[in-house]
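Residues per chain, in single letters:
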Amino acid sequence: MGTVISQIPASGIVISTPGTYTLAGSISWNPSAPYSAAITIVCSDVTINLNGYTLTNTMADSGVHTAGILVKGPVDNITITNGILAAFTEYGILAAHVCGLDILSIQVTGLRLNDLSIRELTPSGIFASYSQSVTITQCTVSNATITADAGAGIQLIRSNQSSVNNCTTQSLVNNAGGMQGFSYLACEQIATTSCTSDSLQTFHGGNDATSGHTCIGFLPTLCFGLIFSQCTASNLTGCCDDCHGLSVFLCGDVTVEIFQASNILDGVLQGSSFPSGAKATGIEVYSLLGTTVSNSSATNIRALNPQDLQAAGFSAWGLGIVFNRCTASNVSVQNDAVNGITNPNVRGIGFGWAPDPRSGFDSTVALGATYFDCQAATCDVAFDTWNHQFSSWTQTSYTNCSTGYLAEPYGTPRTLSCNPCSECPTSTYPATPPSTMYETALKNQALGNTHP
């Protein structure tokens, strides 16, 4: 059994000798410092076995930054397994510079940081950075309620050759910023299999200083060589920014297989007489170099008065995106009148372009996109060719859609909008008051397309 841990002092414990460390029972820990960890690992070849017990933080949450287990590398061969980390504020597990990190059957519950004084904090249930050969299996992050610029269930940064399997992020709420179930930044060769992101919600909370309020089930950013297989995102509710089941953002060489996105709702603003967000999407792809989405579905996707003019089952931006045998259904928008006039360009779209009003994003087309054997049902537009170039729609079909194929002429205008609560933060548009909309007038660049 190795070393038995029966209590943890207020200062925490530091493990500097290789071996196996096992909890003798559940432990309540009351830290003595606002920045501290219950267990800190500073050497290689260590196994932490929680032995089915619970390690609970008892210090109040406001402005206190605690972690359950901290792994300070560079170290090799670390295993954390079999137990619950409860009521920590910033991290359940925080690891950096680890080669060979195995996290198995861990539950992180009740994450509860409240701190807007430090910008760009991202409290996470499980966090690993600058690491290699990370394996996260049968883990759950749940019941987090935070007030910070961002938050995540499971987050990997600059890590590679790793896998996340049979994991769940559930009931995660950010009262003043963004929230992602699974977040990967600048990673390579990550396989995510049979994972679920469910019941996430974001609120504005008067926080215009953050870079966004997105609510996204799975968000890889600037990553290459990723696989998502048999994953689901459901019951996501966004406020004034984007809400997506899966957003493949500025990535390349990504494969998505059997992904299911359902019940995605954007634009829910507490206390507002005019609910509005950016957009809602089942699966959106901003591709730098080839992304393939196959045998996937998006259903019950809805946006309330979207500033980007659409809800979409699937959307494409960038180079070489392929959709094979995908289905979009029940995609809709709420399009309230402004000064007695509704916007005719606000639509629920089965498959279309991924709009973004920000400079650089607003002018990039979907180049060489392929839609094969895809189906759309119960939406305003089944397939929108706007801002596609040299793309093809083959063996595609639709039912109960007002328009099957929308092919507007080259140069047709659309105007997107945003404000500091959505996609135009004050850091980017400092002269824009929080109540003012920033508008981007776009013109359709569609050409060379082949569709029914």
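You'll find the structure just up there.
Residues numbered from 1 in each chain as written. Predicted model: local features only at pLDDT ≥ 70, side-chain atom pairs only at ≥ 80, totals over all residues. Heavy atoms only, no water.

Asker: Could you give me a rundown of the overall build of the protein, with the residues and numbers involved?
Answerer: The secondary structure content of the protein amounts to zero helices and 37 strands. For 452 residues, the compact-globule estimate of 2.2 N^0.38 gives 22 Å, and the protein sits close to it at 23 Å. For the protein, the C-alpha atoms occupy an extent of roughly 70 × 40 × 30 Å along the three principal directions. Burial analysis of the protein (452 residues in total) assigns 58% to the buried set. Looking at the protein alone, contacts between residues at least 24 apart form 75% of all its contacts between residues at least 6 apart. When the accessible surface of the protein is summed, it comes to about 15,800 Å², and 51% of that surface belongs to carbon and sulfur atoms. Here the protein holds 11 positive side-chain charges and 27 negative ones, and the gap between their average locations is 3 Å. (Helix = DSSP H or I, 4+ residues; strand = E, 2+ residues; numbered from the N terminus. Rg over C-alpha atoms; globule rule 2.2 N^0.38 Å. Buried < 20%, exposed > 50% of the residue type's maximum accessible area, 1.4 Å probe, protein only. Contact = heavy atoms within 4.5 Å. Areas by Shrake-Rupley, 256 points an atom, 1.4 Å probe, with all protein chains shown as cover. Lys, Arg positive; Asp, Glu negative; His and termini not counted. Charge placed at Lys NZ, Arg CZ, Asp CG, Glu CD.)

Asker: Describe the state of the cysteines, listing the residues and the values that go with them.
Answerer: Think of a disulfide as a covalent bridge from one cysteine sulfur atom to another cysteine sulfur atom. All told, the structure shown has one disulfide when counted by the stated rule. Note on cysteine connectivity: C240 is disulfide-linked to C421, with sulfurs 1.7 Å apart. Across the S-S bond linking C240 and C421, the dihedral sits near -70 degrees, which makes this disulfide left-handed. With C240 in the loop between β21 (232–237) and β22 (243–257) and C421 in the loop between β36 (413–418) and β37 (438–443), the pair connects residues that are 181 residues apart, well separated along the chain. By the burial criterion, C240 is buried, and C421 matches it. Distance from the sulfur of C139, which forms no disulfide, to the nearest cysteine sulfur (C167) is 4.7 Å. There is no disulfide at C251, and the cysteine sulfur nearest it, in C223, is 4.7 Å away. (Disulfide = S-S within 2.5 Å.)

Asker: Any details on the layout of surface pockets? Residues and values, ideally.
Answerer: The calculated volume of the largest pocket comes to roughly 740 Å³. Lining of the largest pocket is provided by 34 residues; of these, Q180, S211, T214, L219 and T221 occupy positions nearest its centre. Elements with a contribution of two residues or more to the lining of the largest pocket: β13 (152–157), β16 (179–185), β19 (215–221), β22 and β24 (280–294). Each residue belonging to the lining of the largest pocket can be placed in one class, and the counts come to twelve nonpolar, 14 polar and eight charged. The calculated volume of the second largest pocket comes to roughly 410 Å³. Along the wall of the second largest pocket there are 19 residues; nearest its centre are P306, L309, V338, N343 and S417. Broken down by element, the residue count for the lining of the second largest pocket peaks at three residues, all from β36. (1 Å grid on protein atoms, 1.4 Å probe; cavity = no way out; pocket = protein on both sides within 12 Å on 5 of 7 lines; lining within 4 Å. Points joined across faces, edges and corners; volume = space filled by probe spheres on them. Nonpolar A, V, L, I, M, F, W, Y, C, P; charged D, E, K, R; others polar.)

Asker: I'd love a proper account of the packing of aromatic side chains, names of residues and values included.
Answerer: Summed over the entire model, instances satisfying the criterion amount to 21 aromatic pairs. Pairing F351 with Y371 gives two aromatic rings, centres 6.0 Å apart and planes at 85 degrees, and the pair type is edge-to-face. Here F351, found in strand β29 (residues 347–353), pairs with Y371, found in strand β31 (residues 370–372); they are 20 residues apart in sequence, far enough to count as distant. Given the relative accessible area of 0%, Y371 is considered buried. Between W353 and W386, the ring centres sit 5.6 Å apart and the planes meet at 50 degrees, which makes this aromatic pair tilted. Of this pair, W353 sits in strand β29 while W386 sits in the loop between β32 (375–384) and β33 (388–389); the two residues are 33 residues apart in sequence, bridging distant segments of the chain. A relative accessible area of 3% places W353 in the buried class. A connected cluster of aromatic rings, assembled from ring pairs, spans F314, F323, F351, Y371, F383, W393, Y398 and Y405. (Phe/Tyr/Trp six-rings, centres within 6.5 Å; stacked < 30°, edge-to-face > 60°.)

Asker: Outline the pairing of β16, listing residues and values.
Answerer: For β16, a buried count of six out of seven residues is recorded, marking the element as mostly surrounded by other parts of the structure. With six bridges connecting them, β16 and β19 associate as parallel partners. Bridged to Q180 within β19 is I216. (Pairing = 2+ DSSP bridges.)

Asker: Outline the nonpolar core, listing residues and values.
Answerer: In this structure, I39, I48, I136, Y184 and F323 are the most contacted members of the largest nonpolar core, which totals 111 residues. Examining the composition of this core, we find that eight residues originate from one element, β22, more than from any other. Counting residues in each nonpolar core, the second largest holds six residues, with A37, A67, Y91 and I157 among its members. (Core = buried A, V, L, I, M, F, W, Y, C linked by side-chain atoms within 4.5 Å.)

Asker: Go over the pairing of strand β11 (residues 132–137) with me, naming the residues and quoting the values.
Answerer: Sheet topology places strand β9 (residues 91–109) next to β11; five bridges connect them, and they run parallel. Opposite L101, over in β11, you have V134 as the bridge partner. With four bridges connecting them, β11 and strand β14 (residues 160–165) associate as parallel partners. Bridge pairing in β14 places T135 opposite S163.

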